[in-house]
Amino acid sequence: MSEEPELAVGADAFTDRGAGLEVAVVGAGAVGATAAYDLAREGADVTLYERGRVAAGASGRAAGVCYDAYADPLDAEIAGEAIERFCALSGEDTFPFVECPYLWLAREGDDRRADAIREGVARMQEEGVVAFELDADALADRFPAVRTDDVAVAAVAGAAGYTDPATYTACLAAAATGAGATLETETPVSVRTDPPRVVPEDGPAHEVDAVLVAAGARTKRLLAEAGLEIAMKPYRVQALVADGDLPEPMCYDASAGFYVRPHPDGVLAGDGTEEREADPDEYDRDANPGFPDDLRERIEHRFPDLELDVDRAWAGLCTATPDRDPLVGRLEDGLYVATGFQGHGFMRAPAIGNRLAAQILGDDGIDAFDPTRFAGDESFEIREGMTLEDD
Ligand SMILES: Cc1cc2nc3c(=O)[nH]c(=O)nc-3n(C[C@H](O)[C@H](O)[C@H](O)COP(=O)(O)OP(=O)(O)OC[C@H]3O[C@@H](n4cnc5c(N)ncnc54)[C@H](O)[C@@H]3O)c2cc1C
């Protein structure tokens, strides 16, 4: 890990609150790495197990779009905490966080989504989230790059930005080791309960006070092997990077179902959601053949001056739950879980990891995300995370 950036931890205090507590964290994605760091800096004896390299899962494939524009007060609070922490921890020696307005819009004729945007912004404003509605004229003034003649309503959120998710995750994993955690990469483990322990493929069981399973799309399978069911389904999404000049904004075109943000190589955009359960061991990591051209056309419709040259495209897995809220917290004594983020896990990781660490150390968990609110055997349809209804 000596080549990883050292996190300048000036913003975070070190304590001995967790002294004497031994914790195994399974999965060095954004959530596991953050929780490991926060546990280690509270004095817990932490081992972070990762089956591949750091950020080998969704966190290494994510777009890094971050905002606090949630209509639900709890979601907004958590996303706001996360943005604050991205800003506080980012820097030249850690990871970039580029503040950038987040715009979302619906087209003329798409009344359902236009109404959802208007209602969502009204609720955000009631909760103190900085978001406001723009009509087509105001939109054209504020963001001249955006095509506005077919826009029914748009909204913009100020507390937003983007980062490189793999760099954030590597940085937090390095910070965890800097705070005393042990990082075991290339070490797939299974999980056992009563007593809580992890079992590396090639090694003896590691018995601990608490296990946190933050294994992304593999979380359900891992827990099932330990005899525990959770209500989660992985699903496949796609993204691409293309050459092109887009300084701002980040944009989600709800009617066309895609998002786009500036990227050091041009733009990064995503969509291509498949609303069916994917196998985390077998899924196709390459984008579908038609995906880049199809998405490029939709982006160029919204940003007519962009001439995109697609450089690379890929697929990754997100995780769905019946109510589209994540499963975060205590499953049973000594066993904690974090999954089901519906495509919004990266932007919430700095806050979710922090809150999970606090819960493992004895604080209350997040009631609305309590993983035991489902029996685990519910049948449910996957609905992708960015849809506006119910937001
Ligand atoms: C294309 C794409 C774009 C996205 N864009 C965004 C975005 O813009 N904003 C946003 O907020 N979210 C986005 N997401 C979602 C986001 O990537 C996830 O919600 C988030 O990264 C989840 O982080 P995690 O730490 O929970 O899981 P992961 O990053 O999947 O980490 C889990 C880790 O566990 C490891 N693991 C699994 N099994 C084991 C085992 N048995 N033993 C040891 N280790 C194991 C895996 O290798 C992996 O590294 C996107 C996802 C994709 C695929």
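Nothing here was measured: the structure is a model prediction, and the numbers come from that model.

Chemist: Report on the overall build of the protein chain, specifying residues and quantitative values.
Modeler: Across its full length, the protein chain carries 8 helices and 20 strands. Here the C-alpha atoms of the protein chain give a radius of gyration of 20 Å, agreeing with the 21 Å that 2.2 N^0.38 yields for 391 residues. In terms of overall dimensions, the protein chain has a C-alpha envelope of 65 × 45 × 40 Å along the principal axes. Here the protein chain holds 391 residues, and the buried ones make up 56% of them.

Chemist: I'd like to hear about the nonpolar core, residue by residue, with values.
Modeler: Among the nonpolar cores identified, the biggest contains 81 residues, and Leu39, Trp104, Leu212 and Ile352 are the most heavily contacted of them. Lining this core are residues from two domains, each supplying at least three of them: domain 1 (14-62 + 165-232 + 322-373) and domain 2 (98-160 + 233-320). Dropping the residues within four chain positions of it, Leu212 is found in contact with Ala24, Val25, Val26, Ala35, Tyr336, Val337, Ala338, Leu356 and Ile360. Val191, Val213, Cys318 and Leu331 belong to the second largest nonpolar core, which has 26 residues in total.

Chemist: Describe the sheet that holds strand S4 (residues 97-99), listing the residues and the values that go with them.
Modeler: Read across the open sheet, the 3 strands follow the order S3-S8-S4; overall the sheet is antiparallel. Only two strands of the sheet have a single partner each, and these edge strands are strand S3 (65-67) and S4. This sheet shows a mean twist of 30° between the axes of neighbouring strands, independent of strand direction.

Chemist: Residue-level account of the site of the ligand, with values.
Modeler: Around the ligand, a shell composed of 38 residues is seen, among which Glu50, Ser59, Val65, Val189 and Met347 lie nearest. Interatomic distance of 2.9 Å between a backbone N/O atom of Arg51 and a nitrogen atom of the ligand. Ser59 places a polar side-chain atom, nitrogen or oxygen, 2.5 Å from an oxygen atom of the ligand. Alone, the ligand offers 1000 Å² of accessible surface; in the complex the protein occludes 95% of this.

Chemist: Before we move on, can you summarise the domain arrangement of the protein chain with the specific residues and values?
Modeler: A common way to state how big an interface is: give the accessible area lost once the parts meet. Under the domain assignment used here, the protein chain contains domain 1 (14-62 + 165-232 + 322-373) and domain 2 (98-160 + 233-320). One C-alpha centre belongs to domain 1, the other to domain 2, and the line joining them spans 29 Å. Of the residues lining the interface, 15 residues belong to domain 1; the matching set on domain 2 comes to 16 residues. For the pair domain 1 and domain 2, the two sides together bury roughly 1300 Å², of which 47% comes from carbon and sulfur. Of all residues in domain 1, the largest losses of buried area upon contact with domain 2 belong to Arg61, Ala217 and Arg221, amounting jointly to 43% of the total for that side. Counting the contacts that link domain 1 with domain 2 gives 4 salt bridges. The partner of Arg221 in a salt bridge is Asp279, with the nearest N and O atoms 3.1 Å apart. Partitioned by chemical class, the residues of the side of domain 1 that touches domain 2 number 5 nonpolar, 5 polar and 5 charged.

What counts and what doesn't
Residues numbered from 1 in each chain as written. Predicted model: local features only at pLDDT ≥ 70, side-chain atom pairs only at ≥ 80, totals over all residues. Heavy atoms only, no water. Helix = DSSP H or I, 4+ residues; strand = E, 2+ residues; numbered from the N terminus. Rg over C-alpha atoms; globule rule 2.2 N^0.38 Å. Buried < 20%, exposed > 50% of the residue type's maximum accessible area, 1.4 Å probe, protein only. Core = buried A, V, L, I, M, F, W, Y, C linked by side-chain atoms within 4.5 Å. Domains from an automatic or database assignment. Contact = heavy atoms within 4.5 Å. Pairing = 2+ DSSP bridges. Axes fitted to C-alpha atoms, helices over the stretch in contact; angles between N-to-C directions. Near = heavy atom within 4 Å. Polar contact = N/O pair within 3.5 Å; in protein donor to acceptor, adjacent residues only side chain to side chain. Areas by Shrake-Rupley, 256 points an atom, 1.4 Å probe, with all protein chains shown as cover. Buried area = accessible area lost by both parts, 1.4 Å probe. Salt bridge = Lys/Arg side-chain N within 4 Å of Asp/Glu carboxyl O. Nonpolar A, V, L, I, M, F, W, Y, C, P; charged D, E, K, R; others polar.

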